[in-house]
Each structure stands twice: as structure tokens, then as C-alpha cells.
Amino acid sequence: APHHRRSLLSDAEMETQLYRLAGRRAELPRTTFHELFEQRVRADPARPAASHGPATLTYGELNARANRIAHALLAAGLTAEAPVAVVLDRTLDWLAAALGVFKAGGVYLPVRPDFPADRVAAQLERSECRFVLAEPGSDDLARAAVAAAGVDAAVLSVPGLLAGAGPGTDPGVPVAPEQAAYIYFTSGSTGAPKGAVCEHAGMLNHLLMKIEDMGLAGRDGEVVTQTASQCFDISLWQFAAPLMAGGSVRIVDTEVLLSVGGFLDELTAHDVTVAQVVPSYLEVMLTHLEQWPRPLGRLRSLSVTGEALKLELVQRWFAAYPQIALVNAYGATEVSDDTMHEILDRAPERDFVTVGTSRRNINTYVVDENLALVPLGSPGEIAFSGVCVGRGYINDEERTRQAFVADPFRPGTRMYRTGDFGRWLPEGRIEFLGRRDEQVKIRGFRIEIGEIENKLLTFPGVRESAVVIDDGAGQMRNLVAFYSGDGPAPEQLRDFLAGLLPEYMVPTYFHGLDQLPLTENGKIDKKVLKRLAGTL
Ligand code: ADP
């Protein structure tokens with residue numbers, strides 16, 4: 001019998017959880033993001049599409065650039081669902097490259113040009129990637145990664161392709177909604193990153209959800225900021241949703257974001273209406289704005305995502321900007337980004353912030369270890385099913401099998417287990433209660449502690465390693481590494497990890513101990529280390 005038959009819930013409660021609290025069924029056209037973008041181009045090619053620094057592109061110009069890239073990929077032999085690594089900084093060329101990959105029927109695989117070559121190589125190898133798009137600043141990394149991966153991949157220069165004589169017309173490659181659209185690599189606890197693959201239908205459903213909930217439909221002059229790193233899946237909707245809705249994208253450089261005041265200037269100077277930040281950035285922004293209050297121009301909605309949003313920040317936000325909505329967006333890369341939105345126009349009355357209600361075409365469940373529904377209000381693991389559920393991790397059946405399972409409530413469909421704990425509140429909102437494992441977020445970046453610990457253990461002389469989070473004030477957090485062994489100095493370990501991991505995964509502090517403290521069961525006692533981290 002299906003698992004849910006064994007559940008202790010009454011029929012009425014089952015009905016409530018499975019149907020009343022599920023997202024509404026909504027139309028999902030059998031098309032793709034890039035086809036809807038092409039429709040916008042045909043309707044109004046002169047409309048502004050994207051800007052970065054002083055440069056701007058109209059819909060027609062961006063489309064022509066994307067088409068040149070698509071034709072070049074096709075000429076290089078790209079076939080449906082072939083991954084294309086895009087090793088570009090966040091620029092207008094990067095937007096054209098991403099669009100070009102979709103148009104050609106390839107799978108967009110974004111890579112940050114500042115990532116260590118070995119990590120990029122591992123991603124190319126794992127995804128059997130044969131096409132790499134690069135630019136002068138990332139050429140060397142792309143070639144080094146291709147060589148290290150031992151894959152037979154062509155490295156194409158995006159500026160070269162754009163300057164060339166390739167046709168600027170739509171390639172007209174048919175792309176089915178069931179086709180894979182993109183791969184984002186996320187940290188993996190065993191040491192190897194996992195490449196989550198999502199399909200066009202899930203991507204489109206998410207973009208429609210963003211357009212509905214962020215009020216991007218049917219309005220003129222909408223401007224959305226593109227702030228997230230290209231290796232973080234939230235970067236995708238930040239450009240794709242406005243381009244699908246007829247709005248425009250404002251790319252904000254990382255250096256500008258670092259200065260807060262610079263970011264606020266961008267918001268007002270470019271008439272930004274919708275922006276998105278991670279909670280730790282919201283905190284920095286609020287601290288700045290409380291000291292130097294200023295109007296935020298046309299901004300009408302600010303989405304906050306990636307990690308738990310604290311009530312205190314929401315209260316401070318509405319005290320300063322009662323007219324600007326906050327949207328707490330919750331989801332995971334494996335389910336095509338966000339699956340729940342909490343749309344707030346004032347601070348909630350309860351003493352925590354919920355992550356929202358089920359959205360279009362998405363079923364939300366709270367289950368126990370046997371995948372049985374737990375009673376309303378009881379804690380359990382949050383799981384999702386519906387069109388949002390991605391394919392799994394590329395070339396990694398085992399880890400795919402653990403997280404992507406058959407949906408016991410809707411036979412024939414699949415469910416993704418988030419690893420997050422949560423509970424239903426009576427009115428159909430979910431309260432987020434934390435993680436089941438050692439996945440953490442630093443500045444919104446998803447990190448498996450185990451990946452860092454495993455890397456540390458590979459350094460000669462390191463005997464034991466443990467990494468803990470030191471919760472500073474507010475939303476700020478640091479990774480702190482402890483190790484034992486003969487010889488290695490903290491600086492050596494820092495340099496070693498910096499050569500293997502993205503900057504946000506390198507611990508801030510390293511402490512060598514004679515021996516790491518153990519629990520009664522002989523496991524490393526992270527509670528003790530966490531306390532120690534706060535005092536060292
Ligand atoms: P995203 O799809 O938002 O980029 P990631 O794949 O990077 O997300 O990370 C997903 C995890 O991040 C979730 O399983 C959850 O633990 C955490 N998370 C994301 N958004 C929120 C939120 N609004 N509140 C609490 N936790 C969140």
C-alpha cells in the first residue's frame with residue numbers, strides 16, 4: 001500500500017494537506033522562456049532590454065547577439081541537451097551567451113571566471129561538457145579547465161563570435177518543455193559538487209510565478225536588478241523574468257554591491273522597480289539606510305532569499321520603507337529555484353517570518369522519514385512535487401536517488417526532499433525550522449560543511465578537521481575551521497583551500513588543536529567547537 005495509507009491522519013486532514021494547501025493549477029504554455037522573449041522582440045524591438053555600466057541594449061540588439069552565439073554553437077556541432085559552460089563575467093555579453101545557449105537547444109552551465117581551475121574542470125568532466133564560451137579575461141581558466149578535465153571541448157570566444165559575421169536571425173531550433181535547460185553546481189558533502197539539472201517547463205513555471213508575484217506583468221517601465229553571482233540559480237530569474245515580461249535588466253557589478261551606497265545609487269539612477277538581495281545584505285543595507293536615510297526612487301518590491309529571514313530585519317525595513325513590499329522567497333536549485341513566496345506589505349504579527357504558501361503548479365508536503373504526511377502543525381521535512389522538480393544531479397545516480405523520489409501521493413510524479421525542516425501553520429503557510437544536515441548558507445551561498453572538511457583532510461599532516469559556523473551579530477556568519485595534526489600552519493591551510501574552493505567556502509579562521517574534542521560516542525563534538533569559535 002502507498003505510504004500515506006499508513007498515516008494516522010483523518011481523511012479530512014489528508015484532503016486538506018494534499019489539495020487545499022497545494023498550489024493552484026495554472027496554465028503552463030507549451031513553450032520556453034526564449035520563445036516568449038523572441039515574441040517580445042518581434043512586438044517591440046526598440047524597447048530597452050538590458051543595461052550595464054553606461055552600456056544598454058534593446059530587445060532587438062540583445063536578440064541579434066544571442067542569435068549569433070546560437071548559430072556559432074550549432075555550427076560547432078551542438079546537439080539538443082548538450083551542456084555549454086558559460087565562463088563569463090556578469091556583463092551584457094553574458095546575457096547574450098546564456099540566451100544563445102537556450103536558443104540553440106543546449107544546456108546552460110554557468111561558471112564563475114574567478115573559480116579555481118580544478119573545480120571548473122570537475123564540473124566539465126562530470127557534465128561531459130564539450131562546449132565552452134569564454135572571453136579574454138576567462139580564456140586561460142577555460143583552457144586550463146578543459147585540459148585538466150581531459151574533455152574534448154571547443155573553447156569559443158564570445159566577443160569574437162559577436163564581432164564576426166554570423167547571422168543575427170532566430171535559429172528556430174525547436175526546444176521541447178521537457179528538455180533540460182540548465183545545470184547549477186552546488187556544494188556536496190562528500191567533497192564533490194552536485195550538478196542539479198532543471199528542465200524548461202520548470203524554469204518557465206518559476207518565471208511565471210516570479211512575474212505574477214513580483215507584479216512584472218502588464219506594466220511598463222519595469223526594471224529588475226541582476227545582482228546575484230552567476231553560479232547561484234537566483235541569477236537566472238533576475239534577467240529572464242524581466243526579459244519575458246517586457247521589462248529591462250540592470251546588471252549591478254559585485255564591486256558596486258560591496259559599497260552599499262553604490263548599490264542604492266544604482267537603484268535610483270536606473271529607476272529600478274524590483275530588486276533581490278540575501279538577508280545578510282539586507283542587514284548591511286538597513287544599517288546604512290538607518291544612518292543615512294534616503295528615498296529609493298521607484299523601488300516597489302524587494303525580494304529576500306537564500307536563507308532564513310529574521311523578523312527584526314522585516315520590522316526595520318517597514319519602519320523605514322512602509323510602501324515597499326518585501327517578498328521572502330524560499331526554494332532550492334533542485335526545484336527550479338523558488339517554490340514558495342511570502343509577500344509582505346507590513347511586518348507580520350507573529351514573532352517569526354514564514355516562507356509562504358504553495359505557488360502555481362507546485363505541491364508542498366511536510367513528511368516524516370517514511371514520506372508519510374505529518375499532522376498539521378507538526379515538524380517534518382519539506383518536500384515538493386510538480387513541474388518544478390528537476391531531473392536530478394548530472395551523472396550521479398546515487399545522490400539523485402536519495403533526494404528525488406517517487407511522489408507517494410501523486411503516482412507517476414516525482415518528489416524532491418529538500419532536507420529542510422518545517423511545519424504547516426493552520427492557514428497554509430510554512431514555517432522554516434532549519435536543516436536536517438550540515439548544509440549552511442554564507443551570504444546566501446549554499447555550502448556543505450563536509451566538502452570543506454574533506455578538502456582539509458587531504459592536506460599533508462592534517463589528522464582531523466571540523467568546520468563550524470560562528471554566528472556573529474544579526475545575519476552575519478563566519479566559517480571557522482579546527483584541525484589537528486603535525487605541522488600545517490593556518491596560513492598554509494588557507495592558501496591551500498583558496499586554490500580548491502570558491503572564496504565564500506574558505507573559512508575565515510583556522511585553529512590548530514592537539515586533538516579535537518569528542519562526544520561520548522566518539523564523534524567530533526561540534527557543540528564544543530562552536531562555543532570555542534565564539535571565544536577565540
Ligand atoms: P535557491 O534555489 O534559492 O538558490 P539554494 O539551492 O541555493 O536555493 O539553497 C536552497 C536552501 O536554502 C533551502 O533548502 C533552504 O535551506 C535555504 N533557503 C532558501 N531560501 C530560504 C528562505 N527564504 N528561508 C529559509 N531558508 C531558505
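Before reading further, recall that the structure is shown in the block above.
Residues numbered from 1 in each chain as written. Predicted model: local features only at pLDDT ≥ 70, side-chain atom pairs only at ≥ 80, totals over all residues. Heavy atoms only, no water.

1. A look at the site of the ligand
Link 1 in the chain: Taken together, the neighbourhood of the ligand is formed by 22 residues, with Asp233, Ala329, Thr333, Asp420 and Arg446 sitting nearest.
Link 2 in the chain: Between a nitrogen atom of the ligand and a main-chain N or O atom of Glu307, the distance comes to 3.4 Å.
Link 3 in the chain: One of the side-chain N or O atoms of Arg446 is found 2.7 Å from an oxygen atom in the ligand.
Link 4 in the chain: Here the ligand has 560 Å² of accessible area as a free molecule, and 97% of this is covered by the chains.
Link 5 in the chain: Among the elements of the structure, strand 13 (325–332), strand 14 (337–344), strand 21 (430–435) and strand 22 (439–442) are those that each provide at least two residues to the shell around the ligand. (Near = heavy atom within 4 Å. Polar contact = N/O pair within 3.5 Å; in protein donor to acceptor, adjacent residues only side chain to side chain. Areas by Shrake-Rupley, 256 points an atom, 1.4 Å probe, with all protein chains shown as cover. Helix = DSSP H or I, 4+ residues; strand = E, 2+ residues; numbered from the N terminus.)

2. Brief notes about the packing of helix 8 (residues 200–213) against helix 9 (residues 234–245)
Link 1 in the chain: It is at 9 Å that the axes of helix 8 and helix 9 come closest, and there the two elements cross at 75 degrees. It follows that helix 8 is roughly perpendicular to helix 9 by the angle criterion. Across the interface between the two elements, Met203, Leu204, His206, Leu207, Leu208, Lys210 and Ile211 from helix 8 touch Leu236, Trp237, Ala240, Ala241, Met244 and Ala245 from helix 9.
Link 2 in the chain: Residue composition of the contact of helix 8 with helix 9, by class: eleven nonpolar, one polar and one charged. (Axes fitted to C-alpha atoms, helices over the stretch in contact; angles between N-to-C directions. Parallel < 35°, antiparallel > 145°, perpendicular 65-115°, else oblique. Contact = heavy atoms within 4.5 Å. Nonpolar A, V, L, I, M, F, W, Y, C, P; charged D, E, K, R; others polar.)

3. Overview of the pairing of strand 6 (residues 154–157)
Link 1 in the chain: By the bridge criterion, four bridges tie strand 5 (residues 131–134) to strand 6 in an arrangement that is parallel. Residue pairing in the sheet places Ala134 in a bridge with Ser157 of strand 6. (Pairing = 2+ DSSP bridges.)

4. Details of the nonpolar core
Link 1 in the chain: Residues Phe33, Leu73, Tyr108, Leu124, Leu133, Leu243 and Trp317 are the most contacted members of the largest nonpolar core, which totals 140 residues.
Link 2 in the chain: Counting residues per element, this core draws most heavily on helix 4 (residues 92–104), which supplies ten residues.
Link 3 in the chain: Residues contacting Trp317, with those up to four places away along its chain left out, are Leu282, Met285, Leu286, Leu296, Leu299, Leu302, Ile324 and Leu326. (Core = buried A, V, L, I, M, F, W, Y, C linked by side-chain atoms within 4.5 Å. Buried < 20%, exposed > 50% of the residue type's maximum accessible area, 1.4 Å probe, protein only.)

5. Thoughts on the state of the cysteines
Link 1 in the chain: In this structure the tally under the stated criterion is zero disulfides.
Link 2 in the chain: Of all cysteine sulfurs, the one in Cys231 lies closest to Cys129, which takes part in no disulfide; the gap is 16 Å.
Link 3 in the chain: You can call Cys129 buried: its relative accessible area is 0%.
Link 4 in the chain: Summary of cysteine pairing: Cys231 is not part of a disulfide, and the nearest cysteine sulfur, belonging to Cys198, is at 15 Å.
Link 5 in the chain: Its relative accessible area of 12% is what places Cys231 among the buried residues. (Disulfide = S-S within 2.5 Å.)

6. Quick notes on the packing of aromatic side chains
Link 1 in the chain: Under the definition given, this model contains 16 aromatic pairs.
Link 2 in the chain: Seen from their ring centres, Tyr108 and Tyr184 are 6.4 Å apart, and the 85 degrees between their planes marks the pair as edge-to-face. Remark: Tyr184 occurs in strand 7 (residues 180–186) and Tyr108 occurs in strand 4 (residues 107–110); sequence separation between them is 76 residues. Like Tyr184, Tyr108 is buried.
Link 3 in the chain: Ring plane angle 40 degrees and centroid distance 5.7 Å describe the contact between Phe232 and Phe445, whose orientation is recorded as tilted. Of this pair, Phe232 sits in the loop between strand 9 (223–226) and helix 9 while Phe445 sits in strand 23 (residues 445–448), and the two are 213 residues apart along the sequence.
Link 4 in the chain: Its relative accessible area of 13% is what places Phe232 among the buried residues.
Link 5 in the chain: Stacked on the ring of Trp237, the Lys or Arg Lys210 has its end atom at 5.2 Å from the ring centre. (Phe/Tyr/Trp six-rings, centres within 6.5 Å; stacked < 30°, edge-to-face > 60°. Lys NZ or Arg CZ within 6 Å of the ring centre and 35° of its normal.)

7. Considering the pairing of strand 9
Link 1 in the chain: Across the two faces of strand 9 the burial is the same, with Val223 and Thr225 and Val224 and Gln226 all buried.
Link 2 in the chain: Of the pairings in the sheet, the one linking strand 9 to strand 10 (residues 248–251) comprises four bridges and is parallel in character. Opposite Val223, over in strand 10, you have Ser248 as the bridge partner.
Link 3 in the chain: A crossover connection joins strand 9 to the parallel strand 10 through helix 9; in handedness this β-α-β unit is right-handed. (Right-handed = clockwise from strand over helix to strand, strands pointing away.)

8. Regarding the environment of Val355
Link 1 in the chain: Relative to the helices and strands, Val355 is located in the loop between strand 14 and strand 15 (357–358).
Link 2 in the chain: Each C-alpha atom of the pair Val355 and Leu204 lies 21 Å from the other, and the pair is 151 residues apart in sequence.
Link 3 in the chain: Apart from the residues lying within four places of it in its own chain, the contact partners of Val355 are Asn328, Tyr330, Met340, His341, Glu342, Ile430 and Phe432.

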